[in-house]
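# Architecture and fold: a report
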Amino acid sequence: MNLIELFSQHDISILIFMAIASLFAGFIDAVVGGGGLIQFPAFMILFPNSTVPTAFGTNKIAGLSGTSIAAVQYAKRVKFNWKLLFITAFSSFIFSFIGAKLVSRIDVNILKPFIFFMLIAIAIYTFKKKDFGSFATKVLSDKKKYLFGFLLGIIIGFYDGFLGPGTGSFLVLGFVTLLGFEFLEASAYAKIINCITNISALYVFLSQGNYILEIAIIMAVFNVLGSIIGTRMAILKGNQFIRKLFLLVVVLMIFRYGYDVFFS
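As the structure is a prediction and not an experimental result, all values here were calculated from the model. (Residues numbered from 1 in each chain as written. Predicted model: local features only at pLDDT ≥ 70, side-chain atom pairs only at ≥ 80, totals over all residues. Heavy atoms only, no water.)

### A few points about the overall build of the protein
When helices and strands are tallied, the protein shows 11 helices and 0 strands. In the protein, the succession of α and β elements from N to C terminus is α-α-α-α-α-α-α-α-α-α-α. Scaling as 2.2 N^0.38, a compact globule of 264 residues should have a C-alpha radius of gyration of about 18 Å, and the protein matches this with 18 Å. For the protein, the spread of C-alpha atoms along the principal axes amounts to about 55 × 40 × 35 Å. Put simply, of all contacts in the protein between residues at least 6 apart along the chain, 84% involve residues at least 24 apart. The distance from the centre of the 21 positive side-chain charges to the centre of the 11 negative ones in the protein is 11 Å. (Helix = DSSP H or I, 4+ residues; strand = E, 2+ residues; numbered from the N terminus. Rg over C-alpha atoms; globule rule 2.2 N^0.38 Å. Contact = heavy atoms within 4.5 Å. Lys, Arg positive; Asp, Glu negative; His and termini not counted. Charge placed at Lys NZ, Arg CZ, Asp CG, Glu CD.)

Pasting the structure below:
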């Protein structure tokens, strides 16, 4: 069966809505992460008969496509500490794989109340601290940078493989708070790391056959388009624009996890 026949199995309105959701997800994810907050729920609503692992796998294909484009664009404009990037990427890759392996064995709901209240604290702090992420705030020794990067990779990598939504935002937050980066620099690092964690987790889902190819293709194309627009906006508008969008994404995550904790 060719792709045209595969596409014809779906209602055109569903494909259009999925494309629009992927476009916005790519835009938000490129700026500050959290595109999965739009893309994943949209997929589950439009394809209610799909399993959660299939939704994860299909979303990972699209997410990796957009994130890769954003990473390339940021890499042209941001100077990286490549050793720090490698250490963080390495630990995140390993623990993303572990998280993806465990997602079918452990009840993911056990973490959601903790994440919900943590997000509320993050939102309050970001809102009150107007200059949060506006400029670099720490001068750390190389030893501390690499240690914090390694720990950040472990925590966020596991989260990405195990749960996933908002991974980019948590990475941005980690680089700003632990390493004292400004938002633009943190977003650039987050894109690279997110690519690594997506590859690791995606390998697991693909090997299990948990994806819908034709939907993944549509989502990937529009996610990439949104990512290109979002990256250019972030570079053009700077840290305050990213901070505001970060706060918006955190609020959306609060609503999402609040619903999961209290109503599901």
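Now that the structure has been shown, we can carry on.
### Brief notes about the confidence of the model for the protein
Per-residue confidence for the protein gives a mean pLDDT of 86, with 95% of residues at or over 70. Across the protein, the element-wise mean pLDDT spans from 62 in helix H1 (residues 3–7) up to 93 in helix H10 (residues 213–237). (pLDDT = per-residue confidence, 0-100.)

### Looking at empty space enclosed by the protein
Counted under the stated rule, the structure contains 1 cavity of 30 Å³ or more. By volume, the largest cavity is sized at about 280 Å³. The dominant element in the lining of the largest cavity, judged by the number of residues it contributes, is helix H4 (residues 52–75), at 5 residues. Class assignment of the residues belonging to the lining of the largest cavity gives a composition of 5 nonpolar, 14 polar and 3 charged. (1 Å grid on protein atoms, 1.4 Å probe; cavity = no way out; pocket = protein on both sides within 12 Å on 5 of 7 lines; lining within 4 Å. Points joined across faces, edges and corners; volume = space filled by probe spheres on them. Nonpolar A, V, L, I, M, F, W, Y, C, P; charged D, E, K, R; others polar.)

### Observations concerning the environment of Val31
In this structure, Val31 sits in helix H2 (residues 12–32). Each C-alpha atom of the pair Val31 and Leu184 lies 8.4 Å from the other, and the pair is 153 residues apart in sequence.

### Thoughts on the pattern of salt bridges
One pass over the full model with this rule turns up 2 salt bridges. For Asp260, the salt bridge goes to Lys112, with nearest N and O atoms at 3.3 Å. Remark: Lys112 occurs in helix H6 (residues 112–128) and Asp260 occurs in helix H11 (residues 239–262); sequence separation between them is 148 residues. The exposure class of Lys112 is buried, given its relative accessible area of 10%. The closest approach of N and O atoms between Asp260 and Arg256, which form a salt bridge, is 3.0 Å. In this pair, Asp260 and Arg256 are both assigned in helix H11, 4 residues apart and thus about one turn of the helix distant. Three or more residues are tied together by salt bridges with common partners; here these are Lys112, Arg256 and Asp260. (Salt bridge = Lys/Arg side-chain N within 4 Å of Asp/Glu carboxyl O. Buried < 20%, exposed > 50% of the residue type's maximum accessible area, 1.4 Å probe, protein only.)

### As for the packing of aromatic side chains
Scanning the entire structure with this criterion turns up 14 aromatic pairs. Taking the centre distance of 5.9 Å and the plane angle of 35 degrees together, the rings of Phe56 and Phe205 count as tilted. Here Phe56, found in helix H4, pairs with Phe205, found in helix H9 (residues 183–207); they are 149 residues apart in sequence, far enough to count as distant. Classification of Phe205 by relative accessible area gives buried; the value is 2%. Pairing Phe175 with Phe181 gives two aromatic rings, centres 5.5 Å apart and planes at 10 degrees, and the pair type is stacked. By relative accessible area, which is 0% here, Phe175 ends up buried. Clustering of aromatic rings is evident, with ring pairs tying together Phe80, Trp82, Phe175, Phe181 and Tyr189. In this structure, Arg256 is placed above the aromatic ring of Tyr257, and the distance from its NZ or CZ to the ring centre is 5.2 Å. (Phe/Tyr/Trp six-rings, centres within 6.5 Å; stacked < 30°, edge-to-face > 60°. Lys NZ or Arg CZ within 6 Å of the ring centre and 35° of its normal.)

### Comments concerning the nonpolar core
Soluble globular proteins: nonpolar side chains tend toward being buried together. Formed by 58 residues in total, the largest nonpolar core has its most connected members in Val32, Leu119, Phe170, Val172, Phe175, Phe246 and Tyr257. If one sorts the elements of this core by residue count, H9 sits on top with 10 residues. If near-sequence neighbours (up to four positions away) are discounted, Tyr257 is found in contact with Lys112, Ile115, Phe116, Leu119, Tyr159, Leu163 and Pro165. (Core = buried A, V, L, I, M, F, W, Y, C linked by side-chain atoms within 4.5 Å.)

### Looking at the packing of H2 against H9
Interaxial distance between H2 and H9 falls to 7 Å at its minimum, and their mutual angle equals 115 degrees. Note on element contacts: H9 touches H2 through Ser187, Lys191 and Asn194, opposite Asp29, Ala30, Val31 and Val32. Taken together, the residues that form the contact of H2 with H9 break down as 3 nonpolar, 2 polar and 2 charged. (Axes fitted to C-alpha atoms, helices over the stretch in contact; angles between N-to-C directions.)

### Topic: the packing of H4 against H10
Remark: H4 packs on H10, axes separated minimally by 8 Å, with the N-to-C direction vectors making an angle of 30 degrees. One way to sum up the angle between H4 and H10 is to call them roughly parallel. Like other packed secondary-structure pairs, H4 and H10 cross with a definite hand, here right-handed. Seen from H4, the contacting residues are Thr58, Asn59, Ile61, Ala62, Gly63, Ser65, Gly66, Thr67, Ile69, Ala70, Gln73 and Tyr74; seen from H10, they are Ile215, Ala216, Met219, Ala220, Asn223, Val224, Ser227, Ile228, Thr231, Arg232, Ala234 and Ile235. For the contact of H4 with H10, the class distribution of residues is 13 nonpolar, 10 polar and 1 charged. (Parallel < 35°, antiparallel > 145°, perpendicular 65-115°, else oblique. Left-handed = near helix turned anticlockwise from the far one by under 90°.)

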